[in-house]
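Each chain, written out:
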Amino acid sequence: MGSKQITQETFDDAVQENMTEFEMDPEEAVREAVQQFESQGVDLSNIVKAVRPPASENGQKQKHEILLTLDALGKAVADSDLAEVAEQLVVFTAQCKEQLAFRCLAGQNGAYPVVFSACQVASGDRNLMLKAFYTLSALLDGQPDLLDSAGQDLLLQTLQEYREDADMVLAGIRCVRHACLKHEQNRQDFVKGGILPLLTGAIIQHRHSADVVRAAASALRIMTFDDDIRVPFGHAHDHAKMIVLENDGLRVLIEAAKAFTDNSSVLSELCATLSRLSVRNEFCQEIVDLGGLNFMVSLLADCIDHPDVVKQVLSAIRAVAGNDDVKDAIVSAGATDLIVLAISHHLANPQICEQGCAALCMLALRKPENCSVIMEGGGALAALQAMKAHPREVAVQKQACMLIRNLVARSRDFSQPILEMGAENLITEARATHRDCDDVAKAALRDLGCKVELRELWTGQKGGLAQ
């Protein structure tokens, strides 16, 4: 992805020049402009790659279609023409959903104040409010910076006042999700404003609505993200603790799962959120005590053919296995065989191989008894097959190396069987290919009893050889 940026106007002018100076047809002119800028390392992800309508007779430049719709919406809002506002909101929402570039162009041309005003004009008219919130959600997707404090207050107030209305709650939560993804300040502002009890409350209130439960669980999870590169230290850990300790989040999520035993997409979302909340030893234990482990294991068994679900469950098992007592509960529940089956069944999927190896790695850590179960279930062989299937995937190689090391660190009798599976060559290759694997690969080889050659790197200083 290029790091250079250009404006929409610069791109449009280049397309126009291709058409007038070089007599290209519109499609060719756009294609040529894209190729020209991308060859210069320009990032065009936020650029509308279409021909702008020709200039009017007086030479005035015309606007892209989404900006014409925005003008029409703005006029309807200013005139308080509710029927026209409703019509233009639907059109504008559809255009925003087409692609990020359309949303960005609209955002750069004052779309947010217009849509916010539409939300205010719609106040009291439920159907119009729904349309306005759908539009706000579509506009904020990928553009969380657009939301201001007035918008935050409006969303919080709406979620509170319409908490019994599933459709309104869903529309509001979707806006919150888009506003908080990759935006730490918005997350902190919403949490201070009381969003967490509103989200857990929505799951309880609308426990039979798959859409609301899924969206609210996703929004809770986003509150625990640390994905804003502009902020060195976020509040992800604090938010996770608040969800669990102040809002009974673990119980709310696990209870919600009971209503959706046949809905894998909802259960996958709940699993993913539980994974993000497993930040303390006692939280991991509480998940088991509340029946969360049983539902994860059942979900893994029932949805073994669904890679997205499998990946989320493996990630959740990996997270709760940070507690040593929970490790034993996981193994006792028969999860190790299912994890090995998941890796073998989805051997072509690097993310599942990574999460599966990582889960087994956690179960094996400091637990020789668990290592025996993993070995008997074919865990070592599955990890080595994953390494062989994904030689370029550093995360797979790293987790597999760590698993092998954990298996033999306290159970040296497993070294020979693992070596006979071809472990030494695969681990040596991983070490040579991936610098990030050097330490874990070296440790695995050493614990397997292999001869390990220490790398010597020239440091550039006198007499400077570094291991």
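None of the values given here were measured: they were computed from a predicted structure.

Turning our attention to the packing of aromatic side chains. If you walk through the whole model with that rule in mind, you get two aromatic pairs. Arranged with centres 6.1 Å apart and planes meeting at 40 degrees, the rings of Phe11 and Phe37 form a pair that is tilted. Of the two residues, Phe11 is situated in helix α1 (residues 8-21) and Phe37 in helix α2 (residues 26-39); the sequence distance between them amounts to 26 residues. Take Phe11 and Phe37: they sit in the same class, and that class is buried.

Viewed as axis vectors pointing N to C, helix α16 (residues 281-289) and helix α19 (residues 324-332) meet at an angle of 30 degrees, and their least axial separation amounts to 9 Å. When the interaxial angle is binned, α16 and α19 end up roughly parallel. Relative to α19, α16 is oriented so that their crossing is left-handed. Touching Cys284, Gln285 and Val288 of α16 are Asp325, Val326 and Ala329, all from α19. A breakdown of the residues in the contact of α16 with α19 according to their chemical character gives four nonpolar, one polar and one charged.

Moving on, we get to the layout of surface pockets. Which parts of space are left empty comes out when a probe the size of a water molecule is rolled across the atoms. For the largest pocket, the calculated volume is near 320 Å³. Taken together, the residues of the lining of the largest pocket break down into four nonpolar, two polar and six charged. Of the pockets and cavities examined, the second largest pocket occupies roughly 250 Å³. Around the second largest pocket, the lining is made up of twelve residues, and of these Glu9, Arg52, Leu67, Leu105 and Asn109 lie nearest the centre. For the lining of the second largest pocket, the secondary-structure elements that each account for two or more residues are α1 and α5 (100-108). When residues of the lining of the second largest pocket are assigned to their parent elements, the largest contribution, three residues, is made by α1. A breakdown of the residues in the lining of the second largest pocket according to their chemical character gives two nonpolar, five polar and five charged.

A few words on a negative patch on the surface. On the surface, a cluster of negative charge is made up of Asp25, Glu27, Glu28 and Glu32. Checked against the element boundaries, Asp25 lands in the loop between α1 and α2. Judged by relative accessible area, Asp25 falls into the partly exposed class, the value being 43%.

A word on the packing of helix α4 (residues 82-98) against helix α6 (residues 111-121). At a minimum axis distance of 11 Å, the contact between α4 and α6 shows a crossing angle of 135 degrees. Taken together, the axes of α4 and α6 lie oblique to each other. Of the two possible hands of crossing, α4 and α6 adopt the one that is left-handed. The residues of α6 that touch α4, namely those facing Leu82, Val85, Leu89 and Phe92, are Ala111, Val115, Ala118 and Val121. Among the residues making up the contact of α4 with α6, the classes are represented as eight nonpolar, no polar and no charged.

With that out of the way, let us pick up the pattern of salt bridges. Under the criterion given, the structure shown has 21 salt bridges. The shortest N-O distance in the salt bridge between Asp145 and Arg230 comes to 3.1 Å. Here the residue Asp145 occupies a position in the loop between α7 (126-140) and α8 (149-161), and Arg230 occupies one in the loop between α12 (210-222) and α13 (236-246), the gap between them amounting to 85 residues. With a shortest N-O distance of 2.6 Å, Asp211 and Arg214 are connected by a salt bridge. Pair noted here: Asp211 and Arg214 are both in helix α12, with a separation of three residues, about one helical turn. Taking the relative accessible area as the measure of exposure, Asp211 reaches 38% and is therefore partly exposed. Connected through shared salt-bridge partners, Arg405, Arg412, Arg446 and Asp447 make up one network.

Another aspect to go through is the side chain of Arg221. Residue position: Arg221 is located in helix α12. Excluding anything up to four places from it in sequence, Arg221 contacts Glu269, Ala272, Thr273 and Arg276.

Looking now at the confidence of the model for the chain. In the predicted model, the chain carries a mean pLDDT of 92, and the fraction of residues at 70 or more is 95%. pLDDT under 50 marks residues 457-467. Its contacts with residues more than four places away, or in other chains, come to 15 contacts.

Reading the values: rules and limits
- Throughout this description, residue numbers start from 1 for each chain and increase along the sequence as written.
- Only residues with pLDDT of at least 70 get local features here, since the model is predicted, and only at 80 or more are side-chain atom pairs given and counted; chain-wide, interface and lining totals rely on the full set of residues.
- Only hydrogens and water are set aside when side-chain values are computed; all heavy atoms of the structure are taken into account.
- A pair of Phe, Tyr and Trp rings is counted when the ring centres sit within 6.5 Å of each other, with Trp represented by its six-membered ring. The angle between the planes then sorts it: under 30 degrees is stacked, over 60 is edge-to-face, the rest tilted.
- Secondary structure elements follow DSSP: runs of H or I of four or more residues count as helices, runs of E of two or more count as strands, with numbering from the N terminus.
- Partly exposed residues are those whose accessible area sits between 20% and 50% of the maximum for their type, while under 20% is buried and over 50% is exposed, using a 1.4 Å probe and protein chains only.
- Axis angles are defined between N-to-C directions and span 0 to 180 degrees, where every axis is a line fitted to C-alpha atoms and, for a helix, only to the segment in contact.
- Any angle from 65 to 115 degrees is called roughly perpendicular, while one under 35 is roughly parallel, one over 145 is roughly antiparallel, and all others are oblique.
- Throughout, a crossing is termed right-handed when the near helix is turned clockwise from the far one, and left-handed when it is turned anticlockwise from it by less than a right angle.
- What makes two residues a contact is simply this: any of their non-hydrogen atoms within 4.5 Å.
- Amino acids are sorted into nonpolar (Ala, Val, Leu, Ile, Met, Phe, Trp, Tyr, Cys and Pro), charged (Asp, Glu, Lys and Arg) and polar (every other residue, Gly among them).
- The rule is simple: put a 1 Å grid over the protein atoms alone, call a set of points where a 1.4 Å probe fits but cannot get out a cavity, call an open set with protein on both sides within 12 Å along at least five of seven lines a pocket, and count a residue as lining if it has an atom within 4 Å of a point.
- Grid points are joined across faces, edges and corners, and a volume is the space filled by probe spheres set on the points.
- Two joining distances apply to patches: 9 Å for like charges and 5 Å for nonpolar side chains (Val, Leu, Ile, Met, Phe, Trp, Tyr), and every residue must have over 30% relative accessible area and no salt bridge.
- Residue-level accessible areas treat just the shown protein chains as cover; the underlying method is Shrake-Rupley with a 1.4 Å probe.
- Salt bridge, as used here, is a side-chain nitrogen of Lys or Arg placed within 4 Å of a carboxyl oxygen of Asp or Glu.
- Positive: Lys, Arg. Negative: Asp, Glu. His and the chain ends are not part of the count.
- In this description, the location of a charge corresponds to atom NZ of lysine, CZ of arginine, CG of aspartate or CD of glutamate.
- The predictor's confidence in any single residue is recorded as pLDDT, a number from 0 to 100.

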